[in-house]
Amino acid sequence: MEIQLWRSILDPYDLAVKELIVKFEHIRKEHRDNDMYSPIEQVSGRVKSVASILEKMQRKSIPMDQMEELVEDIAGVRVICQFEEDIEAVAELIRRRHDLRVKSEKDYLSHIKESGYRSYHMIAYYKVETLEGTKELQVEIQIRTMAMNFWATVEHSLQYKYKGDIPPHVTDRLSNAADAIISLDHEMSSVRSEIMDAQVSSQMQVNLVRDILGDIEQLYRLSNKREVMKIQDEFLRIFRTKDILKLERFQRELDIIAEGYRAQEIDHETDLC
Ligand code: 0O2
């Protein structure tokens, strides 16, 4: 197979990975913009290297003409969560999407791999648009916690270093580390609701400041500049108190003032007509 042919086969997979990263990051943004906890913490992706595809085909005796059907992880997207409970929430989000058609799921959380590997895998069909038309391809989505990802990344590097034959003293350590990761995930889950509350209120403050500054900017265009400077000073004074209730009250008052100016502007435009 020529280099050019590999490129034209893999290009749509590259597009799929890029599109899905944007889409998953958007889900995260939507949650945060709406003062909601996001089960998605980070997203990454990759197209499998030609060497890795060839190795898998060789290992599983996959013929060239069945590569795209049987090598299911040419496109790979990884969704990292903070807590184990978030994994099912992300899987459910994926199951409900119309742009992804789930083909199969592998639960390495309930069925931990012998290596100690834990993760939730989904193979889904996804359509991309190319110059040659619509192409439906397969994507492997791995969903795991940050702790699981740390272990898997380290173990993957060691597999590479020892060419799949990790010496027993290292395997023992990895196995201990896998147990420690399970305890860590459980420990973090026990304070999940507290951490979620803290993160949501911190995000609420970020959104509140964004909205207040948006209102101040609008007022600056519509009203007396000196008055707006005073409003801004008052905002900075309240911001320094770190009192979210006061900030919320300030925003409500600001909304009323901004609404008044907007109404005045509409009246003015009507008079001009
Ligand atoms: P890369 O570099 O991510 O492409 P396979 O394990 O590939 O022979 P299958 O059934 O196709 O068989 O895949 P499976 O078991 O669902 O796992 C596919 C991917 O999951 C792997 O891809 C890894 O990314 C990850 N994975 C599975 N088992 C382990 C493990 O024991 N340790 C680590 N670190 N990762 C694992 P690739 O192709 O191995 O690698």
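## Here we look at the nonpolar core
If you look at the biggest cluster of nonpolar residues, it comprises 38 residues, and the most contacted ones within it are Phe-24, Ile-141 and Ile-143. Looking at this core, the elements with two or more residues in it are helix H1 (3-33), helix H2 (50-59), strand S2 (75-81), helix H4 (84-96), strand S4 (120-130) and strand S5 (133-145). It is H1 that contributes the most residues to this core, ten residues altogether. Residues Leu-219, Ile-231, Phe-235 and Ile-238 belong to the second largest nonpolar core, which totals 14 residues.

## Side note on the packing of helix H7 (residues 192-222) against helix H8 (residues 225-241)
One can describe the packing of H7 onto H8 by two numbers: an axis separation of 9 Å at closest approach and a directional angle of 165°. Judged on the interaxial angle alone, H8 and H7 are roughly antiparallel. The chirality of how H7 crosses H8 is left-handed. Residue-level contacts link Gln-205, Val-209, Ile-212, Leu-213, Ile-216, Leu-219, Tyr-220 and Arg-221 of H7 to Lys-225, Val-228, Ile-231, Gln-232, Phe-235 and Phe-239 of H8. For the contact of H7 with H8, the class distribution of residues is ten nonpolar, two polar and two charged.

## Quick word on the packing of helix H5 (residues 146-161) against helix H6 (residues 168-190)
At a minimum axis distance of 9 Å, the contact between H5 and H6 shows a crossing angle of 170°. Put simply, H5 runs roughly antiparallel to H6. Seen from H5, the contacting residues are Ala-147, Met-148, Phe-150, Trp-151, Glu-155 and Leu-158; seen from H6, they are Val-170, Leu-174, Ala-177, Ala-178, Ile-181, Leu-184 and Asp-185. For the contact of H5 with H6, the class distribution of residues is eleven nonpolar, no polar and two charged.

## Considerations on the domain arrangement of the protein
Domain boundaries in the protein define domain 1 (3-167) and domain 2 (195-272). Distance from the C-alpha centre of domain 1 to the C-alpha centre of domain 2: 42 Å. Every contact between the two is made by eight residues of domain 1 and, on the other side, eight residues of domain 2. Carbon and sulfur atoms supply 56% of the area buried between domain 1 and domain 2, which totals about 700 Å² over both sides. Run the count over domain 1 and domain 2 and you get one salt bridge. In this structure, the salt-bridge partner of Arg-210 is Asp-33, at a minimum N-O distance of 3.6 Å. Across the contact surface, domain 1 and domain 2 share four residue pairs in polar contact (both at pLDDT 80 or more).

## Re empty space enclosed by the protein
Gaps left between atoms are located by rolling a probe of water-molecule size over the structure's atoms. In total, this model carries one cavity of 30 Å³ or more according to the counting rule given. Taken as a whole, the largest cavity encloses approximately 30 Å³ of empty space. Lining the largest cavity are Gly-116, Arg-118, Met-148, Trp-151, Ala-178 and Ile-181. Elements that contribute at least two residues to the lining of the largest cavity include exactly H5 and H6. Class assignment for the residues of the lining of the largest cavity results in four nonpolar, one polar and one charged.

## Quick word on the site of the ligand
Around the ligand, a shell composed of 17 residues is seen, among which Lys-48, Arg-59, Lys-106, Ser-115 and Glu-155 lie nearest. One of the backbone nitrogen or oxygen atoms of Ala-152 is found 3.0 Å away from a nitrogen atom of the ligand. Spatially, the ligand is embedded in the largest pocket. Put simply, the parts of the chain that give the shell around the ligand at least two residues each are H2, S5 and H5. Top contributing element to the shell around the ligand by residue count: H5, with three residues. Its residues assigned to classes, the shell around the ligand shows three nonpolar, four polar and ten charged.

## Considerations on the environment of Gln-42
Structurally, the position occupied by Gln-42 is in strand S1 (residues 42-47). With a relative accessible area of 45%, Gln-42 lands in the partly exposed category. Remark: the alpha-carbon pair of Gln-42 and Glu-68, spanning 26 residues in sequence, is separated by 27 Å.

## A look at the pattern of salt bridges
Tallying each qualifying case throughout the model produces 22 salt bridges. In this structure, Arg-192 engages Asp-86 in a salt bridge whose closest nitrogen and oxygen atoms are separated by 2.7 Å. Placement of Arg-192 in helix H7 and of Asp-86 in helix H4 is noted, with a sequence separation of 106 residues between them. By relative accessible area, which is 0% here, Asp-86 ends up buried.

Cut-off values and rules
Residues numbered from 1 in each chain as written. Predicted model: local features only at pLDDT ≥ 70, side-chain atom pairs only at ≥ 80, totals over all residues. Heavy atoms only, no water. Core = buried A, V, L, I, M, F, W, Y, C linked by side-chain atoms within 4.5 Å. Buried < 20%, exposed > 50% of the residue type's maximum accessible area, 1.4 Å probe, protein only. Helix = DSSP H or I, 4+ residues; strand = E, 2+ residues; numbered from the N terminus. Axes fitted to C-alpha atoms, helices over the stretch in contact; angles between N-to-C directions. Parallel < 35°, antiparallel > 145°, perpendicular 65-115°, else oblique. Left-handed = near helix turned anticlockwise from the far one by under 90°. Contact = heavy atoms within 4.5 Å. Nonpolar A, V, L, I, M, F, W, Y, C, P; charged D, E, K, R; others polar. Domains from an automatic or database assignment. Buried area = accessible area lost by both parts, 1.4 Å probe. Salt bridge = Lys/Arg side-chain N within 4 Å of Asp/Glu carboxyl O. Polar contact = N/O pair within 3.5 Å; in protein donor to acceptor, adjacent residues only side chain to side chain. 1 Å grid on protein atoms, 1.4 Å probe; cavity = no way out; pocket = protein on both sides within 12 Å on 5 of 7 lines; lining within 4 Å. Points joined across faces, edges and corners; volume = space filled by probe spheres on them. Near = heavy atom within 4 Å. Sits in = over half its atoms within 2 Å of the grid points.

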